[in-house]
Amino acid sequence: MELDRSPMTLARPRSRLASLRNAWRSLPRSSHVRFARLALRASRTWFAATLLATLLAATTPLATPMVTGALIGEVSAWQASAATPGSTALWWAAAIGACLLLQWLAASLLRVAAAALGERVDTMLQRGLMKAVMTSDGIEHLEDPATIDLISVGRETFRSSWGRPGQLAATLSGMVAGRAMMIGASLILARFQMPLAVALLAAALWTAREEKVASRQEAAHHYGSTELSRRMDYLHELGSTPPASKEVRVFGLSGLLLDRFTSTWRRSMDGVLTSLPVRPLLATTALATVVIGGLAWIVSAAVAGRLSPEAAAVQAQALMVCLAGMRLSSWTGLQTELATATLRRYERAAEAAAAARPAARSDGRLPARTGPDDLPREAIRFEGVSFSYPGGGEALRHLDLTVPAGRSLAVVGANGAGKTTLIKLLCRMYRPSDGRILVDGMDLASFDPAAWRRRLAAVFQDSMRFPLTARANIAFGRPHLASDQAGIEAAAVSAGIADDVAGLPHGWDTPLSSEYAGGSDMSGGQWQKIALARALFAVHHGAGVLILDEPAAHLDARSEARLHDEFLALTEGLTTVIISHRFSTVRRASSIAVLDEGRVVEQGSHDELMALDGAYARMFLLQSARFADAGAPEVRSG
Ligand SMILES: Nc1ncnc2c1ncn2[C@@H]1O[C@H](COP(=O)(O)OP(=O)(O)OP(=O)(O)O)[C@@H](O)[C@H]1O
């Protein structure tokens, strides 16, 4: 008979399987089940090893009462018959030894396997959080205090030695093994004494439950005070780190900081040990009563001859195993609750971090039509762009601005006029709340952010000071081309930092941080040149849009003059947006836009704006008068 191998018949069972799998996946999950799924994803091998070790840890202690009972039964039989003990006695004694050895092996295997599994889970989660934070579309949500809070809690989770989600591997397996021991021991007891077994199991489960409730409350207190402990950490850091300690000393803030630290500590301690744990105490008393009562009954029954020594030994040991199981599961209670709570917080943090990830990566227009490598070819246009920060007022208001391709545009304006905001929108860190930014007529919002950012090179006001080598700090402009030493050096020469790097103790390999062995920190101006070199390295490798936000803010007079002189050469052919309060640099740009309260109020070349005699001319003349007073001839109109 021909087998029907049509795709339909093969697909049907598969789709049924898939729908079953989907139904299973859509079931609501307790955090323990969610953890088990995470652990399975992190490492199948260690998950299986932990499962096996848990099974062994739960069952091996249950064998001991049975074997001990059998040995005592044998011994009693020899005593009764006055016979010489045979080899069976040795076998039972060896079996007891084997049980103990197995228990020890199971506990060791469980410890190793759970630790390895936990490490893998924590690594996977940390990577997940980092990825969610770094690959989200913009940074808007990262400036939202609630999200910042969640993410920092998510990150701190992995620093604490208590309550890391990965510790659930050890604590849950301990709990499962402990509960299984309690139930198994009660079942053994039930063979001899049903009422005692029921009372023991009920008291043990009640105690375990009360301990769980108490642990949960303790974990809740811990997290209730997390905000306070972070504040304490911050205050402690303020008092002990070099940047802050300068101002702390100069302004005499130490008393204030100490007072705040103490009052925060007191608040964090509120509620600790204020309530007596009555219910756990009652439950433990009930359990102790059952165990002591049970043992007393076993002993008296054995003495009265109503119970054989063998049965007495099995029952007494079963009671002990039940207690050991109880101790094992309650010992892990607080850690389990803490780790479960951190896992929940982690999940919320990861969700918040990923919140800005676009639903669809891109509509494909940027790569499909032109390739990201040559945009813009015409212009970047801000059309009626408005933007407000979360919880803030309008930073940009119906702003219209054109940045011609291959030319430079300087943006000037008073503090808070919206200059940096404009750049952040251009880098797609945020999306306009109204209006559009068009690149050669295409909406920037429709571009793949990563592809667009590959076109950009930027020096931000608060540029990053990576505590890595000088080479890495510049190569980060195009990290995948870090082996291009010639390009790195050319960028350093253009940015005027090459000589400083050559003078470092280990040249290009010197870590730019005095906190590392052989490292050396740099001055504010040197760091700014490093940031410029990083951007120029990106330009060297194809970035066509150069963004400079106050690139001369920390430069000395000579370095600033050099930047002015070389500005045209540096930006030649690039679409450049430069923000500066230094008009000597600004005037060299092809076009200048004056921003006031989030709008462009003037735009034109330096000469056009001077002729207009408006806001730009007033600012320029004010600054040149100051420089003229100081005898600096280069900043003069015309
Ligand atoms: N992250 C933020 N959250 C809330 N408001 C912000 C944020 N950043 C800037 N603002 C506000 O947006 C407005 C524009 O700020 P922006 O940094 O763009 O000004 P700027 O022109 O670059 O100023 P400066 O010359 O001082 O650098 C200001 O009123 C500022 O207070």
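Above this text sits the structure in question.
Basis of the calculations
- Residues numbered from 1 in each chain as written.
- Predicted model: local features only at pLDDT ≥ 70, side-chain atom pairs only at ≥ 80, totals over all residues.
- Heavy atoms only, no water.
- Helix = DSSP H or I, 4+ residues; strand = E, 2+ residues; numbered from the N terminus.
- Contact = heavy atoms within 4.5 Å.
- Pairing = 2+ DSSP bridges.
- Axes fitted to C-alpha atoms, helices over the stretch in contact; angles between N-to-C directions.
- Parallel < 35°, antiparallel > 145°, perpendicular 65-115°, else oblique.

Within the secondary structure, Leu-536 sits in helix H20 (residues 524–540). Expressed as a C-alpha distance, the spacing of Leu-536 and Ala-495, which sit 41 residues apart in the sequence, is 7.7 Å. Each residue touching Leu-536, except ones within four places of it in the same chain, is listed here: Ala-491, Ser-494, Ala-495 and Leu-570.

It is worth spelling out the sheet that holds strand E10 (residues 599–604) at this point. With mixed pairing, the 6 strands of this open sheet are ordered in space as E6-E7-E8-E3-E9-E10. Among the strands making up the open sheet, the edge pair consists of strand E6 (456–459) and E10. Across the sheet, the axes of successive neighbouring strands diverge by a mean angle of 15°, strand direction being ignored. The pairing of E6 with strand E7 (residues 545–549) spans 4 bridges and is parallel. Within E7, the residue paired with Ala-457 across the bridge is Leu-546. Lying over the sheet, helix H15 (residues 419–426) contacts strand E3 (408–413), E6, E7, strand E8 (575–579) and strand E9 (591–596), oriented at roughly 150° with respect to E8. Across the sheet, helix H21 (residues 557–571) lies against E3, E7 and E8, angled at about 150° from E8, the strand it touches most.

With that out of the way, let us pick up the packing of helix H4 (residues 87–135) against helix H6 (residues 168–190). Where H4 contacts H6, the two axes come as close as 7 Å, and the packing angle between them is 140°. When the axis of H4 is compared with that of H6, the two are oblique. Residues Leu-110, Ala-114, Leu-117 and Gly-118 of H4 form the contact with H6, whose participating residues are Ala-169, Ala-170 and Ser-173.

Our next topic: the sheet that holds strand E2 (residues 394–404). What the 4 strands build is an open sheet, ordered E2-E1-E4-E5; its pairing is antiparallel. Whereas interior strands pair on both sides, the edge strands pair on one side only; in this sheet they are E2 and strand E5 (442–443). Where strand E1 (residues 379–388) and strand E4 (residues 434–439) come together, 5 bridges link them in antiparallel fashion. For Ile-380, the partnering residue across the bridge sits in E4 and is Val-439.

Taken by themselves, the reported measurements are silent on function.
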